[in-house]
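Inside the fold
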Amino acid sequence: METRKKCSLRLFCLILISLFALEIYASSRIVSDIIYESFDESFEGGWVASKTEEYLEKHKDIQKMESNETPKKPRFLCLHGHGSNATLLEDHFKNWPNFVLEKMDFVYINGPFSVADELFEWYTTDEDYKTENFDEGIAYIEDRMVELGPFDGVLGFSQGAFVAGALPGMQAQGLCLTKVGKIEHVIIISGGKLGGTFPSPKLAENAYSSPINIPSLHIYGETDAVRLSAPKLIEAYVDPLVIVHPGGHEVPKLDEDGLKIMFEFLKKINAIV
């Protein structure tokens, strides 16, 4: 009797190991049927079945999701640069391979203020580089996030990157984006710190007063116009990932090193890799 009980315990452990190793999460009824086929309905067989049923009942949280469910891609709201638009920004990403782009969902929008025919900006600066209508631009972004969301993160290029880099800090202080969920991660391309070189908009004055502890990817070029401002923004984030490419103010092609950093970022944000 004692020997059979030990065998039963071993079988029970093997069943549980197999469930995890093969990622097969059967219902307790199926497991019980398998066990009953191996044992008659003696004490030992019934004991193993009851223990298996009890374990699965207590650990329903490990049940495998339905096979027809698709893991959600991280969604990014994408902000273009000054004097540009959503279509032009989307064209920039033709430099990136499809096996990177398909891991995320990018939603491109136009800025609120017209610069020229079909060209926009997120805020205006005067001759002294002081920002105007910044608050209105941020309110517009929030409205679009409500309309088109939900979003997991924000991506910005150039002027859009200056805005995107400040949004998490402003949101954490309750100064903006109060109608939408928390920004979980950012991608900053050719962008720097608002107030790092020129006067900061009042709304963003304390955007970096506390370390911004979310996954962030920062990309800029060795000859980029923002190469001096970009590191100041990078310092505001906790454990940032950085790609420095040999080009200028652009969305660059990703070389081997850039792809390694990109996939490290994708893992951080739980993208499908």
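This one's a predicted model, so the numbers in the text were calculated from it and none came from an experiment.

Re helix α7 (residues 159-172)
The largest bend in α7 is about 30°, located at Ala166, with the proline Pro168 one to four residues further on. In terms of burial, α7 is a largely internal element, 13 of the 14 residues being buried. Where α7 ends, the next residue or the one after it, Gly174, has phi of about 75°, a positive value.

What to know about helix α6 (residues 134-148)
Every α-helix winds through 3.6 residues per turn, so residues three or four apart in the chain are directed the same way. Look at α6: 21 Å from first C-alpha to last across 15 residues, which is about the 21 Å you get at 1.5 Å a residue. Those residues of α6 that are buried are in contact with β1 (75-79), β2 (105-109), β3 (113-116), β6 (131-132) and α7.

Side note on the nonpolar core
Counting 39 residues, the largest nonpolar core has Leu79, Phe134, Ile138, Val163, Leu167 and Met170 as the members making the most contacts within it. Going through the elements one at a time, β1, β2, α6, α7, β8 (185-189) and α8 (230-234) are the ones with two or more residues in this core. Apart from residues no more than four positions distant in its own chain, Leu79 is found in contact with Leu89, Ile109, Trp122, Ile141, Val154, Leu155, Gly156, Phe157, Gly160, Val163 and Ala164. Leu89, Phe93, Phe106 and Val251 belong to the second-largest nonpolar core, a separate cluster that totals 26 residues.

So, the pattern of salt bridges
Overall, the coordinates contain five salt bridges when judged by the stated rule. Note that Glu102 and Lys103 form a salt bridge whose closest N and O atoms lie 3.4 Å from each other. The exposure class assigned to Glu102 is partly exposed, which follows from its relative accessible area of 45%. Lys103 sits in the buried class, given a relative accessible area of 12%. Across the salt bridge formed by Arg144 and Glu147, the nearest N and O atoms sit 3.0 Å from each other. In this pair, Arg144 and Glu147 are both assigned in helix α6, three residues apart and thus about one turn of the helix distant. Residue classification places Glu147 among the exposed positions, given a relative accessible area of 54%.

Conventions we followed
- Residues numbered from 1 in each chain as written.
- Predicted model: local features only at pLDDT ≥ 70, side-chain atom pairs only at ≥ 80, totals over all residues.
- Heavy atoms only, no water.
- Bend = angle between axes of the 7 residues up to and from the residue.
- Helix = DSSP H or I, 4+ residues; strand = E, 2+ residues; numbered from the N terminus.
- Buried < 20%, exposed > 50% of the residue type's maximum accessible area, 1.4 Å probe, protein only.
- Expected span 1.5 Å × (residues − 1).
- Contact = heavy atoms within 4.5 Å.
- Core = buried A, V, L, I, M, F, W, Y, C linked by side-chain atoms within 4.5 Å.
- Salt bridge = Lys/Arg side-chain N within 4 Å of Asp/Glu carboxyl O.

Read these as geometric descriptors, not functional statements.
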